[in-house]
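What follows is the residue order along each chain.
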Amino acid sequence: MTNITFGSDTEKITKLIHKSMPYLGLVIWDLSPFIPMLHNWRKNIIFIECDRVAIDSLVELLANEYPNHEIYAGVKKPALRIRLVAREASVVIIAREGKTRREVVGEHPKLEKCLVDLLYYAKNETLPIPLKDVVELWEHYLSGTDLISFNELYRYSLRRYLGWFVSILAYTLSRKTRLKMDERHFRSGMKNLELLKLVSA
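Residues numbered from 1 in each chain as written. Predicted model: local features only at pLDDT ≥ 70, side-chain atom pairs only at ≥ 80, totals over all residues. Heavy atoms only, no water.

Thoughts on the packing of helix H1 (residues 8-20) against helix H2 (residues 55-65)
Packed helices, taken two at a time, are described by their axes: the angle between them and the distance between them. At their nearest, the axes of H1 and H2 sit 11 Å apart, and the two run at 125° to each other. Put simply, H1 runs oblique to H2. For H1 against H2, the interelement crossing comes out right-handed. Between H1 and H2, the residues in contact are Ile13, Leu16, Ile17 and Ser20 and Leu58, Leu61, Leu62 and Glu65, respectively. For the contact of H1 with H2, a count of residues per class yields 6 nonpolar, 1 polar and 1 charged. (Axes fitted to C-alpha atoms, helices over the stretch in contact; angles between N-to-C directions. Helix = DSSP H or I, 4+ residues; strand = E, 2+ residues; numbered from the N terminus. Parallel < 35°, antiparallel > 145°, perpendicular 65-115°, else oblique. Left-handed = near helix turned anticlockwise from the far one by under 90°. Contact = heavy atoms within 4.5 Å. Nonpolar A, V, L, I, M, F, W, Y, C, P; charged D, E, K, R; others polar.)

Quick look at the packing of aromatic side chains
Both the distance between ring centres and the angle between the ring planes are used here to describe each pair of aromatic rings. In total, this model carries 7 aromatic pairs according to the counting rule given. Consider the rings of phenylalanine 6 and tryptophan 29, whose centres lie 6.4 Å apart with planes at 55°: the pair is tilted. Of this pair, phenylalanine 6 sits in the segment before H1 while tryptophan 29 sits in strand S1 (residues 26-30), and the two are 23 residues apart along the sequence. The same class applies to phenylalanine 6 and to tryptophan 29, which are both buried. Between tryptophan 164 and phenylalanine 165 the ring centres are 5.6 Å apart and the planes differ by 85°, which places this aromatic pair in the edge-to-face class. Given a relative accessible area of 39%, tryptophan 164 falls into the partly exposed group. On the basis of relative accessibility, which here comes to 17%, the residue phenylalanine 165 falls in the buried class. Among the aromatic residues, those joined into a ring-pair cluster are Phe6, Trp29, Phe47, Tyr120 and Tyr121. The ring of phenylalanine 165 has lysine 123 lying over it, and the distance from NZ or CZ to the ring centre is 5.8 Å. Here arginine 160 stacks its cationic end above the ring of tyrosine 121, 5.8 Å away from the centre of that ring. (Phe/Tyr/Trp six-rings, centres within 6.5 Å; stacked < 30°, edge-to-face > 60°. Buried < 20%, exposed > 50% of the residue type's maximum accessible area, 1.4 Å probe, protein only. Lys NZ or Arg CZ within 6 Å of the ring centre and 35° of its normal.)

Description of the confidence of the model for the protein
Taken as a whole, the protein shows an average pLDDT of 85; of its residues, 92% reach a score of 70 or greater. Least confident of the elements in the protein is helix H7 (residues 184-200), whose mean pLDDT is 72; most confident is H1, at 95. (pLDDT = per-residue confidence, 0-100.)

Considering the pattern of salt bridges
Tallied over the full model, the rule gives 8 salt bridges. For arginine 155, the salt bridge identified is with glutamate 103, shortest N-O distance 3.1 Å. Here the residue arginine 155 occupies a position in helix H5 (residues 150-159), and glutamate 103 occupies one in the loop between strand S5 (89-95) and strand S6 (104-105), the gap between them amounting to 52 residues. The partly exposed category is assigned to arginine 155, whose relative accessible area is 25%. Lysine 132 is the salt-bridge partner of glutamate 136, the closest N and O atoms lying 2.6 Å from each other. One end of the pair, glutamate 136, and the other, lysine 132, are both in helix H4 (residues 131-144), 4 residues apart, so they sit about a helical turn from each other. Connected through salt bridges with shared partners, the residues Glu49, Lys113, Asp117 and Arg160 form a single ionic network. (Salt bridge = Lys/Arg side-chain N within 4 Å of Asp/Glu carboxyl O.)

Focus on the pairing of S1
In terms of residue burial, S1 counts as a mostly covered element, since 5 of its 5 residues are buried. The alternating pattern of S1 places Leu26, Ile28 and Asp30 on one face and Val27 and Trp29 on the opposite face, and all of these are buried. As defined by bridge partners, S1 adjoins strand S2 (residues 44-50) across 5 bridges and the pair is classed as antiparallel. When the sheet's bridge partners are listed, isoleucine 28 is paired in S2 with isoleucine 48. (Pairing = 2+ DSSP bridges.)

Quick word on the environment of tyrosine 72
Mapped onto the secondary structure, tyrosine 72 falls in strand S3 (residues 69-74). On the accessibility criterion, tyrosine 72 (9% relative accessible area) is buried. Distance from tyrosine 72 to leucine 119, taken between C-alpha atoms, is 17 Å for residues 47 residues apart in sequence. In this structure tyrosine 72 touches Pro78, Ala79, Leu80, Arg81, Ser90, Val91, Val92, Ile93, Thr126, Leu127 and Pro128, once residues within four positions along its chain are discounted.

Structure representation (structure tokens):
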């Protein structure tokens with residue numbers, strides 16, 4: 001897995017939360033490293049995972065401190081809580097998993113978790129991020145860099161109930177570009193795509 005550096009807004013919000021809620025455990029990241037590769041999305045989004053009992057308090061804290069930020073919040077599926085016509089950025093707050101996972105280091109996720117979470121939000125239309133942009137982002141990292149492990153991507157996608165989709169995505173991308181991964185994933189994706197076409201016929 002690969003560590004990634006996030007933006008100054010994330011650092012400022014982290015410090016604010018530590019000061020106001022010093023015992024709150026959280027995972028926090030944002031879109032700033034990915035925005036240059038998202039063709040149809042330019043607003044930053046800060047993602048925060050915390051204990052479910054703290055969600056409402058965190059919404060209130062950030063709404064007061066960041067009045068120009070749109071806020072989504074929910075236990076598992078974030079819903080729009082504070083809507084703004086002209087917003088600087090958005091904040092998404094959801095409940096974190098109870099146990100520490102290997103795709104998180106300290107308070108920040110690694111690259112693989114970010115990519116899977118973005119795919120989850122786009123595919124389920126939870127957030128207004130175009131799925132096409134996220135798929136192109138995956139293609140960039142899978143074909144043009146050595147920054148990620150597809151096995152780790154796939155393992156985490158299974159927990160997000162996206163394993164079948166990710167295998168099809170890998171197979172589809174493999175037909176138009178060279179991907180740095182085990183070819184067994186391509187065969188799995190081909191079979192899943194055939195099954196999908198069969199039930200959709």
